[in-house]
2 protein chains.
Amino acid sequence: MSVITDFETHDVRFPTSLLLDGSDAMNPDPDYSAAYVRIGTDAGDGLEGHAFVFTIGRGNDVQVAAVQALAPYLLGRDAEELLADMGGVWRMLQHDSQLRWLGPEKGVMHMAIGAVVNALWDLKAKREGKPLWRLLAELSPEQLVDLVDFRYLSDALTREDALSILRAAEPGRAERIAQLEAEGYPAYTTGPGWLGYSDEKLERLCREAVAEGYTQVKLKVGASLEDDKRRLAIARAAVGPDIRIAVDANQRWDVADAIAWMRELAPFDIAWIEEPTSPDDVLGHAAIARGIAPMRVATGEHAANRVMFKQFLQAGALHVLQIDYTRVAGVNENVANLLLAAKFGVPVCPHAGGVGLCEAVQHLAMFDFVAVSGTMDGRMIEHVDNLHEHFATPVEMRGARYLAPRTPGAGTEMRAESIAQYEFRVYA
Amino acid sequence: MSVITDFETHDVRFPTSLLLDGSDAMNPDPDYSAAYVRIGTDAGDGLEGHAFVFTIGRGNDVQVAAVQALAPYLLGRDAEELLADMGGVWRMLQHDSQLRWLGPEKGVMHMAIGAVVNALWDLKAKREGKPLWRLLAELSPEQLVDLVDFRYLSDALTREDALSILRAAEPGRAERIAQLEAEGYPAYTTGPGWLGYSDEKLERLCREAVAEGYTQVKLKVGASLEDDKRRLAIARAAVGPDIRIAVDANQRWDVADAIAWMRELAPFDIAWIEEPTSPDDVLGHAAIARGIAPMRVATGEHAANRVMFKQFLQAGALHVLQIDYTRVAGVNENVANLLLAAKFGVPVCPHAGGVGLCEAVQHLAMFDFVAVSGTMDGRMIEHVDNLHEHFATPVEMRGARYLAPRTPGAGTEMRAESIAQYEFRVYA
């Protein structure tokens with residue numbers, strides 16, 4: 001038996017606003033940040049669980065405070081017991097009636113629970129000597145459904161539904177693991193399309209993306225229709241007719257605006273419109289989807305929880321489901337989200353970028369391929385090429401594909417030197 | 001000109017779990033708490049703005065941290081300028097792109113913005129020498145719509161729609177103010193129905209409620225169907241056939257459970273079922289509403305923002321809209337919620353109880369009567385008779401009616417002695 005003896009948080013902020021990396025119609029000057037947690041035990045094996053909530057700057061201290069508030073739930077607890085019942089850990093944190101009031105199941109406290117759950121997943125994967133994707137992909141269907149809280153889902157997805165989906169994907173797991181390890185998983189790139197970039201930089205980055213093998217790029221839109229048309233014309237000319245171009249409005253529009261604006265952009269052959277309006281507006285997304293058909297709608301990086309994803313799917317409000325590694329309550333809730341997508345036959349293309357999101361979410365996409373959807377068709381992980389150097393196991397790309405991680409863990413461990421260098425300090 | 005010079009927060013917790021006041025199917029042992037903020041200026045007039053976020057215990061420290069994180073947005077600012085443009089204050093806080101990432105517009109950071117906005121409303125009302133309800137009720141339609149952010153609402157409610165609603169209610173404002181000051185506003189009571197109470201206490205409190213003049217009581221349900229039937233039989237026998245009995249499941253059920261359970265309770269003549277399932281589940285509430293018609297569905301105390309209320313109304317998912325004073329981003333967002341309800345012709349029956357929610361939310365119901373809906377038909381404010389003694393201007397009831405407050409302010413100022421006595425301290 002070992003006991004959880006360390007629970008340490010850090011407020012880590014990178015000054016990305018200086019270069020306008022990550023600039024879009026709603027987020028003109030983000031400072032990519034992490035509300036970071038490190039969990040240690042007295043096992044003497046040197047293994048720790050690391051995870052974080054991704055934020056974009058101010059308020060990261062509040063997010064850290066929320067993570068820190070969960071320390072009493074873990075400190076002094078039997079690590080083996082917790083790691084053997086990750087579904088139980090999730091319910092312990094999520095169903096704490098007093099903490100629940102602060103959401104429920106959304107916002108700062110929900111994301112804090114996600115970070116703590118994910119730190120335990122990182123520790124569990126390291127102890128089992130497997131990358132997270134493989135750890136998950138080798139669990140039985142029964143073990144996987146035990147991770148999921150089906151409360152509020154049963155009108156769309158029951159435990160039995162989930163078992164059926166997972167059992168149907170059991171044949172071929174070994175072959176798909178081998179395929180992943182040989183070929184990796186496809187990516188698309190958002191690198192060229194930040195709003196703050198000049199036309200010249202946009203064109204150059206588009207050409208480079210195609211040269212690297214990308215078959216889809218994504219551009220930020222929504223600040224100016226004329227700018228969007230000009231930039232899409234530049235991008236389409238640069239990539240040619242066979243490369244998909246997705247666009248992302250980052251919640252900029254109301255429903256009617258979204259429909260009108262996207263009809264104007266339709267001639268550029270748009271792969272999907274991402275976050276056209278409020279991430280809470282299921283009915284609005286459904287109206288937009290109807291209004292711009294056959295263009296597709298993608299959303300999810302700001303969907304607060306599985307109940308929101310359930311409704312987006314029920315309402316036909318999205319065609320591409322974008323999970324985020326740190327927005328919801330950890331791996332467990334994302335397993336629910338992957339199962340919901342599979343139930344409705346919708347492809348999952350995870351949100352990434354930010355700080356460490358690529359490193360983390362690749363594990364869930366690969367798990368989905370091996371054990372849930374069983375396919376890569378129409379699936380891609382977002383890729384943005386920055387801040388990877390701060391992680392102990394940065395993503396490895398071969399051309400436009402994520403190589404399957406082989407190092408044990410969830411990919412969420414930041415290098416100690418980076419934490420020390422970018423720890424946020426207020427000088428009073 | 002005066003400058004905001006003080007921004008002080010307090011973590012105030014009352015040990016209500018000792019008596020099971022406030023116990024329900026999801027919240028067995030709440031400790032009613034306030035993440036409290038006090039804003040002062042150098043005006044030398046002794047006037048301060050006070051407000052809070054209501055929570056139920058653990059995590060109140062995180063909520064306090066979120067409120068405190070907003071201090072830099074106010075300290076050193078020109079108070080007159082801020083108070084003259086409360087719509088601008090709301091947008092400054094809500095549209096801060098970095099803070100927005102922490103919701104967006106939901107959870108801890110959203111409620112923190114609400115507390116700061118509401119503290120300014122308290123200060124503004126004190127400076128103008130009016131109770132908040134009257135301050136709002138005497139604003140012009142143009143001034144009122146300037147408070148509202150119509151982003152994400154325009155498919156259901158435009159600025160022009162809102163102006164029409166408010167202008168239609170302008171005639172008769174003076175008469176309704178006089179009526180309010182003479183008669184007060186109707187209330188219903190949740191006092192008898194907490195799950196933790198014995199059958200004897202339930203029966204006694206039901207009889208007392210009728211004797212006090214209440215025409216509606218509310219019972220918590222959802223933990224045990226047999227218990228609910230027994231308790232409803234006791235309550236119905238105690239109050240007789242003419243008093244309405246509402247029930248509140250506090251999010252306990254999935255959709256099918258809610259429909260089946262409520263069909264079992266239908267013979268007791270249920271005024272409404274409140275929070276049958278997840279407060280995020282618009283489509284679930286709509287399915288429940290269809291499944292139990294003609295019973296009515298009420299919800300809103302946990303609706304994160306105006307975008308959620310918009311959808312509940314669009315989907316026919318609620319028949320009674322329950323605003324909460326501290327769940328959303330302050331008075332401004334609740335003005336939007338009242339306008340949405342008016343647009344859809346749905347009555348607003350505010351959530352109250354907790355700590356200071358009665359003192360605060362009565363102002364919004366009274367404003368609604370004077371200047372928005374123009375009617376009390378089918379409207380009542382929840383009333384729970386506890387913790388009022390901690391407030392500088394506790395609610396005044398005459399029988400089952402809230403008397404219109406006459407003291408300047410928003411009712412949200414807690415007595416200094418209560419703050420000092422119940423300030424939460426961690427002894428390490």
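Counting restarts for each chain: residues are numbered from 1 in the order of the written sequence. Chain labels run from A onward and ligand labels from 1 onward, assigned in the order the entries are written. With pLDDT at 70 or above as the cut-off, local features in this predicted model cover only qualifying residues; side-chain atom pairs require 80 or more to be listed or tallied, and sums for whole chains, interfaces and linings still use all residues. The side-chain numbers reported here are obtained from all heavy atoms of the structure, hydrogens and water having been left aside.

Asks: Could you clarify how one ought to interpret the pattern of salt bridges in this entry?
Replies: Where charged atoms from two side chains of opposite charge come close, those side chains can pair. The term salt bridge refers to a pairing of a side-chain nitrogen on Lys or Arg with a carboxyl oxygen on Asp or Glu at a separation within 4 Å. Under the defined criterion, the tally for this structure stands at 68 salt bridges over all chains. For the salt bridge of A:Arg306 with A:Asp149, the shortest nitrogen-to-oxygen distance reads 3.9 Å. In this pair, A:Arg306 sits in helix 15 (residues 306–314) while A:Asp149 sits in the loop between helix 8 (141–146) and helix 9 (159–168), placing the two residues 157 residues apart along the sequence. With respect to burial, A:Arg306 and A:Asp149 carry one shared label: buried. Residue B:Glu264 is joined to B:Lys229 by a salt bridge in which the shortest nitrogen-to-oxygen separation is 2.6 Å. Of this pair, B:Glu264 sits in helix 13 (residues 255–265) while B:Lys229 sits in helix 12 (residues 225–239), and the two are 35 residues apart along the sequence. Classification of residues uses two cut-offs on accessible area relative to the type maximum, computed with a 1.4 Å probe and protein chains only: under 20% is buried, over 50% is exposed, and between them is partly exposed. Judged by relative accessible area, which is 36%, B:Glu264 ranks as partly exposed. Shared partners join several salt bridges into a network, and the residues in it are A:Arg100, A:Glu105, A:Asp149, A:Arg306 and A:Glu333. By the criteria applied, helices consist of DSSP H or I runs no shorter than four residues and strands consist of E runs no shorter than two, each listed in order from the N terminus.

Asks: Would you mind showing me how to read the state of the cysteines here?
Replies: Two cysteines whose sulfur atoms are joined by a covalent bond form what is called a disulfide. Put simply, a disulfide is two cysteine sulfurs that come within 2.5 Å. Tallying each qualifying case throughout the model produces 0 disulfides over all chains. Between A:Cys206, a free cysteine, and A:Cys358, which holds the nearest cysteine sulfur, the sulfur-to-sulfur gap is 18 Å. A:Cys206 sits in the buried class, given a relative accessible area of 0%. Free of any disulfide, B:Cys358 has its nearest cysteine sulfur in B:Cys349, 14 Å distant. On the basis of relative accessible area, B:Cys358 is assigned to the buried category, the value being 1%.

Asks: Would you mind going over unusual backbone geometry with me for this structure?
Replies: Glycine aside, residues mostly have negative phi, and peptide bonds are mostly found in the trans state. Residues and elements named next belong to chain A. A cis amide bond, omega -15 degrees, links glycine 103 with the succeeding residue proline 104. In this model, asparagine 250 sits at a positive phi of 50 degrees, which is unusual for a non-glycine residue. Along the chain, asparagine 250 turns up in the loop between strand 6 (244–248) and helix 13 (255–265). Residues other than glycine seldom take positive phi values, yet glutamate 275 does so here, at roughly 45 degrees. Along the chain, glutamate 275 turns up in the loop between strand 7 (270–274) and helix 14 (282–292). Its relative accessible area of 0% is what places glutamate 275 among the buried residues.

Asks: Can you walk me through the interface of chain A and chain B in this structure?
Replies: One frequently used descriptor of interface size is the decrease in accessible area upon assembly of the parts. The interface is formed by 62 residues belonging to chain A together with 62 residues belonging to chain B. For the pair chain A and chain B, the summed buried surface comes to about 5100 Å²; carbon and sulfur atoms form 55% of the total. Buried area is a sum: the accessible area each of two parts loses on coming together, probed at 1.4 Å, counted once for each and added. The largest contributions to the chain A side of the interface with chain B come from A:Arg58, A:Gln98 and A:Trp101, which together make up 18% of the buried area. At the boundary of chain A with chain B, the tally comes to 6 salt bridges. By definition, residues are in contact when any of their heavy atoms lie within 4.5 Å.

Asks: Any chance you could explain the sheet that holds strand 2 (residues 33–41) of chain B here in plain terms?
Replies: In a beta sheet, neighbouring strands pair by backbone hydrogen bonds and run either parallel or antiparallel. Residue and element names in this part refer to chain B. DSSP calls a pair of strands paired once it identifies at least 2 bridges connecting them. What the 3 strands build is an open sheet, ordered 1-2-3; its pairing is antiparallel. Of all strands in the sheet, those with a lone pairing partner are strand 1 (4–13) and strand 3 (48–55), marking the two edges. Within the sheet, the average angular offset between the axes of one strand and its neighbour, ignoring direction, is 15 degrees. Of the strand pairs in this sheet, strand 2 and strand 3 are connected by 8 bridges, and their pairing is antiparallel. The residue bridging arginine 38 from the neighbouring strand is histidine 50, located in strand 3. Every angle, taken between N-to-C directions, lies between 0 and 180 degrees, and every axis is a line fitted to C-alpha atoms, over only the stretch in contact when it is a helix. Packing of helix 6 (residues 107–127) onto the sheet brings it into contact with strand 1, strand 2 and strand 3, and relative to strand 3 it is tilted by some 145 degrees.

Asks: Which parts of the structure should I look at to understand helix 9 (residues 159–168) of chain B?
Replies: Because the α-helix completes a turn every 3.6 residues, residues three or four places apart line up on one side. Residues and elements named next belong to chain B. Among the residues making up helix 9, those that are buried are Ala162, Leu163, Ile165 and Leu166. Projection of helix 9 onto a plane perpendicular to its axis shows the buried side chains occupying an angular sector of 160 degrees, all on one side. Of the exposed residues in helix 9, the ones pointing more than 90 degrees away from its buried face are Glu160 and Ala168. To obtain the arc, one takes the directions from the helix axis to the C-beta atoms.

Asks: Just to check I follow, could you spell out the side chain of B:Asp368 for this structure?
Replies: All names here are of chain B. Tracing the backbone through its elements, the reader meets aspartate 368 in helix 17 (residues 357–372). In this tally, Asp and Glu contribute negative charge and Lys and Arg positive charge; neither His nor the terminal groups of the chain are included. For the buried aspartate 368, which has no salt bridge, the nearest side chain bearing the opposite charge is arginine 379, at an N-O separation of 4.3 Å. Residues within four places of aspartate 368 in sequence aside, it is in contact with Leu338, Ser373, Gly374 and Arg379.

Asks: Where do I start with the environment of A:Ala237 in this structure?
Replies: Relative to the elements of secondary structure, A:Ala237 occurs in helix 12 (residues 225–239). Of the residues examined, A:Ala237 reaches a relative accessible area of 60% and is grouped as exposed.

Asks: Just checking my understanding: could you explain the relation of the copies chain A and chain B for this structure?
Replies: For these two chain copies, the linking operation is a rotation about an axis paired with a shift along it. We place the copies in one frame by least squares, fitting the C-alpha atoms of every residue whose pLDDT is at least 70 in both. At an RMSD of 0.0 Å, chain A and chain B line up after a rotation of 180 degrees and a shift of 0.0 Å along the axis. Given the turn and translation reported, the copies of this chain are related as if by a two-fold rotation axis. Relative to the rotation axis, the C-alpha of A:Gly107 is the closest in chain A, positioned 2.2 Å from it. Comparing interface residues between copies, 100% of those in chain A also lie at the interface in chain B; the contact surface is shared.

Asks: Mind showing me how you'd approach the environment of A:Arg230 here?
Replies: All names here are of chain A. Note on placement: arginine 230 falls in helix 12. Each C-alpha atom of the pair arginine 230 and aspartate 199 lies 8.7 Å from the other, and the pair is 31 residues apart in sequence. Of note is the side chain of arginine 230, whose polar atom sits 2.9 Å from the side chain of aspartate 227. Nitrogen and oxygen atoms within 3.5 Å of one another constitute a polar contact, given that in protein one can donate a hydrogen and the other can accept it, and given that sequence-neighbouring residues count only through two side-chain atoms.

Asks: Looking at this structure, how should I read the packing of aromatic side chains?
Replies: To describe a pair of aromatic rings, you give the distance between the ring centres and the angle between the ring planes. Any two rings among Phe, Tyr and Trp, with Trp reduced to its six-membered ring, count as a pair given centres within 6.5 Å; such a pair is stacked if its planes are under 30 degrees apart, edge-to-face if over 60, and tilted if neither. Evaluation of the coordinates by the stated rule reveals 14 aromatic pairs over all chains. Taking the centre distance of 6.5 Å and the plane angle of 5 degrees together, the rings of A:Tyr36 and A:Phe52 count as stacked. A residue pair is termed long-range when its members are at least 10 positions apart, and A:Tyr36 in strand 2 (residues 33–41) and A:Phe52 in strand 3 (residues 48–55) qualify at 16 residues. Residues A:Tyr36 and A:Phe52 agree in their burial class; the two are buried. Ring centres 5.1 Å apart and planes at 40 degrees place the aromatic pair B:Trp253 and B:Trp261 in the tilted group. Each member of the pair B:Trp253 and B:Trp261 is classed as buried. Among the aromatic residues, those joined into a ring-pair cluster are A:Tyr32, A:Phe54 and B:Trp101.

Asks: Can you walk me through the packing of helix 10 (residues 173–183) of chain B against helix 17 of chain B in this structure?
Replies: In a packed pair of helices, the relevant descriptors are the angle between the two axes and the axis-to-axis distance. All names here are of chain B. Relative to each other, helix 10 and helix 17 sit at 150 degrees, their axes nearing to 8 Å. One way to sum up the angle between helix 10 and helix 17 is to call them roughly antiparallel. Across the interface between the two elements, Arg173, Arg176, Ile177, Gln179 and Leu180 from helix 10 touch Met366, Phe369, Val370 and Ala371 from helix 17. Grouping the constituent residues of the contact of helix 10 with helix 17 by class yields 6 nonpolar, 1 polar and 2 charged. For this classification, under 35 degrees means roughly parallel, over 145 means roughly antiparallel, 65 to 115 means roughly perpendicular, and everything else is oblique. The nonpolar class holds Ala, Val, Leu, Ile, Met, Phe, Trp, Tyr, Cys and Pro. Asp, Glu, Lys and Arg form the charged class, and all remaining residues, Gly among them, are polar.

Asks: Even after reading the chapter, I still don't get helix 15 of chain A, so can you show me in this structure?
Replies: Residues and elements named next belong to chain A. Most of helix 15 is tucked away: 8 of the 9 residues are buried. Taken residue by residue, helix 15 has Arg306, Val307, Met308, Phe309, Lys310, Gln311, Phe312 and Leu313 as its buried positions. N-capping of helix 15 is provided by asparagine 305, with a side-chain oxygen placed 2.9 Å from the backbone N of valine 307.

Asks: Please explain the sheet that holds strand 1 (residues 4–13) of chain A as it appears in this structure.
Replies: Residue and element names in this part refer to chain A. Reading across from one edge, 1-2-3 is the order of the 3 strands in this open sheet, with antiparallel pairing throughout. Each having just a single partner strand, strand 1 and strand 3 make up the two edges of the open sheet. The mean inter-strand angle of the sheet, taken between neighbouring strand axes irrespective of direction, is 15 degrees. Helix 1 (residues 60–68) contacts strand 1, strand 2 and strand 3 of the sheet and is inclined by roughly 170 degrees relative to strand 1.

Asks: Please explain the nonpolar core as it appears in this structure.
Replies: Throughout, nonpolar core names a set of buried Ala, Val, Leu, Ile, Met, Phe, Trp, Tyr and Cys residues whose side chains join them through atoms within 4.5 Å. Among the nonpolar cores identified, the biggest contains 303 residues, and A:Leu70 and B:Leu70 are the most heavily contacted of them. Not counting residues within four places of it along the chain, the set of residues in contact with B:Leu70 comprises B:Phe7, B:Leu93, B:Leu99, B:Met109, B:Ala112, B:Ile113 and B:Val116.

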